[in-house]
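Tertiary structure, described
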Amino acid sequence: MSTTSRTAAAPDPVASDLIGSGVEGGVGDQVSAWLQRVRGGDMGALPAVGGLVVLAILFGVLSPYFLTAVNFANLMNQAASLVVLGMALVFVLLLGEIDLSAGVTGGVAMASFVVLNIKFDIPWPLALAAGFAVGLATGALIGFLVARVGIPSFVVTLGLFLGYQGLALLIIGAGGLYPIQAPELIALQNGRLPVWGGWVMLAVIVGISGAMSFWDRRRRTRAGVPNRPILLVWVKLVVIALLGGVAVLILSVNRSQSVVPVEGVPIIVPIVLAILWIGTFVLDRTKFGRYVYAIGGNAEAARRSGIKVRWIKWWCFVIASGLAVVAGLFAQTRIGSVDGAAGRDIVLSGVAAAVVGGVSLFGGRGRLMHAAIGALVIAVITNGLGLLKMGAGVNLVVTGGVLILAATVDALSRLRGGGIRS
Amino acid sequence: MSQPIIELRRVTKSFGPVSVLKGVDLTVTSGRVTALVGDNGAGKSTLIKGLAGVQPYDTGEILVDGEEHPLRTPREAASLGIEVVYQDLALCDNLDIVQNMFLGREETSVGTFDEGRMEREASDTLRSLSVRTVKSVRQKVSSLSGGQRQTVAIARAVLKKARVVILDEPTAALGVAQTEQVLNLVRRLADQGVAVVLISHNLADVFAVADDIAVLYLGQMVAQVSTAETTRDDVVGYITGTKVPPGVQLVGTSTIPVGGDA
């Protein structure tokens, strides 16, 4: 075993037998390691978070309404659909694939639901289940065509994007419009938690986050590998509690202009957070999630490791389409009706949300949280420009510009991260 | 000399009209380095892809520990302790060293990853190979050099107590110092009782580290001899087809059958 020392190509100055894991060292070491990663091009959602702060300040200065409680609550409702659609796309973007039809898949699913519910008097849970079945079947079809037949996902989903716009028109009927009547569904976007419910929600978030951190630490200790300084866990929990606390506090203020009080966290917020948490858990902590990243990084390596690449791809398209239906549901319940154009204008915003948040178009890099933050950026742009009475033209130009900027950051950080090799 | 772990008997493989392997025999023994040499297109890669279960053979017998196994999937090969380190390394750039080493066989507890345990085993494996060039097992593979990648790929292969490790051109892209380092690693693997199959074009490397040399010529195994009993000139002759060991008949110099009778 002593033979290597004479040939070590890049001798370690410490020359110890210990190979680090990157979690040793104090808080200072951790911070400098993080800075090094960022400088190396691994920026994650950092540009998007920065953009979000800049936009909030900008619109806050320009419009007196932007930083009000009522607008904040509005923003949550407006953003919900895009956040979920962005998260849906993460599952396919991580593979290096794309789904241009996610928005219209949601549209067709909602059209099917509303026609069954209103025109054919089928109870709403059944009709909604049928809508979801349509969405999941669409995902299965895309997955089959991409993973089995081998057609590029861009072409398959572009075809569906066109075809499904027509299908939605055929289902609804030209110029038609059906209201969503089920009060339980309208409540998705109109309902609010009681004020105490918001605080319970925050407590649950902090509790789960803390419990998972300590569980991970216990497992690491049991395996005999070092842990990060425990201070970092507390910092994380305090930051969540503080930011969440401020948000819940603002949303607990009565934002009504009439006699009936309007207060509490919109019910959509815990629902979106639950989707985010479950999705992140799957991607970070299960084999399925790891394999999704592996396929995005090097599909051939994944295949040689015995991973069922086609199966995983197929599932990703099904998950993406399923979440796209959820996004469609959130979008349509906010409007309160479904027409033949449902889901048409949100499609590319979904891709934009993910990319703006730092999800790589080249596959293998990105998290659900990134897409959620990116969606918030786009929602804030739409919301802020709307308050400033700017037209749809300005909105599209700005959103497009932000997308290209984000894609540039993605491409450049890929170069710096050494991704050029693959 | 101990019992052979793997014995291939008359394995064949064709791609359409091209027959790449024309009935190849190979014996792989534990504790020995078997070098597999041959010119480009001789069928080396096809032969090992079959052993890895990535691309099963068309016909022929595969005996592992004397029992016949079909080797139809990478999982089956892995479960028999056969691991391959490919020339292009087959690592995922976007994952870290631990994640790459455990790819496809992650340790879980309660359905979720046991990262601590995986990290422990990964660094134990690297340490057992006396690897000192890697600073942290949580480095992303995209940040590693060629030699470090090779090290990770080999460590990945031996992580789960592999009995047969197949290395495809492990030194092709490396400098002098890193080449020697990898060859030392190869020798150490064999000394630990692993059967190593080394594919290489570099005869200096082969003679430096191999115990046996197997020569493929246009899909035919023309020789499997002990390194001590052969010379460099003979091996070059076998590789280029200008020399044939006594008793061996070349079956045809074209891999594409000319007549209608394949």
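Residues numbered from 1 in each chain as written. Chains lettered and ligands numbered in written order. Predicted model: local features only at pLDDT ≥ 70, side-chain atom pairs only at ≥ 80, totals over all residues.

A few words on the overall build of chain B. Check the secondary structure of chain B and you find eight helices and 12 strands. Radius of gyration (C-alpha) of chain B: 19 Å, near the 18 Å computed for a compact globule of 262 residues. On the principal axes, the C-alpha backbone points of chain B span a range of 60 × 40 × 35 Å. Here chain B, with 262 residues, has 52% of them falling under the buried criterion. (Helix = DSSP H or I, 4+ residues; strand = E, 2+ residues; numbered from the N terminus. Rg over C-alpha atoms; globule rule 2.2 N^0.38 Å. Buried ≥ 20, exposed ≤ 12 C-beta atoms within 10 Å, placed from the backbone.)

With that settled, the discussion passes to the sheet that holds strand E12 (residues 220-226) of chain B. All names here are of chain B. An order of E6-E9-E10-E3-E11-E12 is seen for the six strands of this open sheet, with the pairing classed as mixed. Each edge of the open sheet is held by one strand with a lone partner, namely strand E6 (82-85) and E12. Averaged over all pairs of adjacent strands, the angle between strand axes in this sheet comes to 20°, irrespective of strand direction. Of the pairings in the sheet, the one linking E6 to strand E9 (residues 164-168) comprises four bridges and is parallel in character. Among the inter-strand pairings, isoleucine 82 is bridged to a residue of E9, identified as valine 164. Of the strands in this sheet, E6 and E9 are in contact with helix H5 (residues 146-158), which crosses E6 at around 175°. (Pairing = 2+ DSSP bridges. Axes fitted to C-alpha atoms, helices over the stretch in contact; angles between N-to-C directions. Contact = placed C-beta atoms within 7 Å.)

To continue, consider the environment of A:Asn383. All names here are of chain A. Within the secondary structure, asparagine 383 is located in helix H15 (residues 368-387). You can call asparagine 383 buried: it has 23 C-beta atoms within 10 Å. Along the backbone, asparagine 383 and glycine 60 are 323 residues apart, and their C-alpha atoms lie at a distance of 12 Å. Apart from residues lying up to four places away in sequence, asparagine 383 is in contact with Leu75 and Gln78.

A separate point is the packing of helix H3 (residues 69-93) of chain A against H15(A). Relative orientation and spacing of two packed helices are given, respectively, by the angle between their axes and the distance between those axes. Residues and elements named next belong to chain A. At their nearest, the axes of H3 and H15 sit 8 Å apart, and the two run at 140° to each other. Of the possible angle classes, the one that applies to H3 and H15 is oblique. The two elements H3 and H15 meet at a crossing, and its hand is right-handed. When H3 is examined against H15, the residues Leu75, Gln78, Ala79, Leu82, Val83, Gly86, Met87, Leu89 and Val90 are found in contact with a partner set consisting of Leu368, Ala371, Ala372, Gly374, Ala375, Leu376, Ile378, Ala379, Val380 and Asn383. Along the lines of polarity and charge, the residues of the contact of H3 with H15 split into 15 nonpolar, four polar and no charged. (Parallel < 35°, antiparallel > 145°, perpendicular 65-115°, else oblique. Left-handed = near helix turned anticlockwise from the far one by under 90°. Nonpolar A, V, L, I, M, F, W, Y, C, P; charged D, E, K, R; others polar.)

Further remarks concern H5(B). All names here are of chain B. Here H5 spans 19 Å end to end across 13 residues, near enough to the 18 Å set by a 1.5 Å rise per residue. Counting buried residues along H5, 12 of its 13 residues qualify, which places the element largely inside the surrounding structure. Within the sequence span of H5, burial applies to Gly147, Gln148, Arg149, Gln150, Thr151, Val152, Ala153, Ile154, Ala155, Arg156, Ala157 and Val158. Tucked into the core, H5 has its buried residues touching E6, helix H3 (97-101), helix H4 (115-128), E9 and helix H6 (176-191). (Expected span 1.5 Å × (residues − 1).)

What follows deals with the domain arrangement of chain A. Residue and element names in this part refer to chain A. Along its sequence, chain A is carved into domain 1 (43-191 + 289-417) and domain 2 (192-265). Centre-to-centre, using C-alpha coordinates, domain 1 lies 26 Å away from domain 2. Each partner contributes to the interface: domain 1 provides five residues, whereas domain 2 provides five residues. When the residues that make up the side of domain 1 that touches domain 2 are grouped by side-chain class, the tally is four nonpolar, one polar and no charged. (Domains from an automatic or database assignment.)

Here H4(B) is 14 residues long and its end C-alpha atoms lie 20 Å apart, about the 20 Å a rise of 1.5 Å per residue gives. Across the 14 residues that make up H4(B), a large majority, 11, are buried. All buried positions along H4(B) are accounted for by B:Glu115, B:Gly116, B:Arg117, B:Met118, B:Glu119, B:Arg120, B:Glu121, B:Ala122, B:Ser123, B:Thr125 and B:Leu126. Along its buried surface, H4(B) packs onto helix H8 (195-223) of chain A together with H3, strand E8 (112-113) and H5 of chain B. Residue B:Ser130 follows H4(B) closely and has a positive phi angle near 55°.

Attention shifts here to the domain arrangement of chain B. Residues and elements named next belong to chain B. Partitioning chain B into structural domains gives domain 1 (1-81 + 162-257) and domain 2 (95-160). Relative to domain 2, the C-alpha centre of domain 1 lies at a distance of 27 Å. If you look at the interface, domain 1 gives 12 residues, while domain 2 gives eight residues. Residue composition of the side of domain 1 that touches domain 2, grouped by class: nine nonpolar, two polar and one charged.

Residues of chain A with pLDDT of at least 70 account for 92%, and the chain-wide mean is 87. Contacts for the low-pLDDT stretch residues 1-17 of chain A, under 50 throughout, to residues beyond four places or in other chains number 21 contacts. (pLDDT = per-residue confidence, 0-100.)

Here the focus is the sheet that holds strand E1 (residues 4-15) of chain B. Residue and element names in this part refer to chain B. Taken in spatial order, the four strands make up an open sheet running E2-E1-E4-E5, and their pairing is antiparallel. Edge positions in the sheet fall to strand E2 (18-29) and strand E5 (67-68), since each of these pairs with one other strand and no more. Pairing between strand E4 (residues 59-64) and E5: two bridges, direction antiparallel. Within E5, the position partnered with leucine 63 by the bridge is glutamate 68. Here helix H1 (residues 44-51) sits on the sheet in contact with E1 and E2, set at roughly 60° to E2.

Moving on: the pairing of E2(B). Summarising the sheet, E1(B) and E2(B) pair through nine bridges and their orientation is antiparallel. Opposite B:Pro4, over in E2(B), you have B:Thr29 as the bridge partner.

The next subject is the packing of H3(A) against helix H13 (residues 309-335) of chain A. Residues and elements named next belong to chain A. Where H3 contacts H13, the axes come no closer than 8 Å and their chain directions differ by 170°. Considered as vectors, H3 and H13 are oriented roughly antiparallel to each other. Here Asn77, Ala80, Ser81, Val84, Leu85, Met87, Ala88, Leu89, Phe91 and Val92 of H3 come into contact with H13, specifically with Cys316, Phe317, Ile319, Ala320, Leu323, Ala324, Val326, Ala327, Phe330, Ala331 and Arg334. Of the residues belonging to the contact of H3 with H13, the class tally is 18 nonpolar, two polar and one charged.

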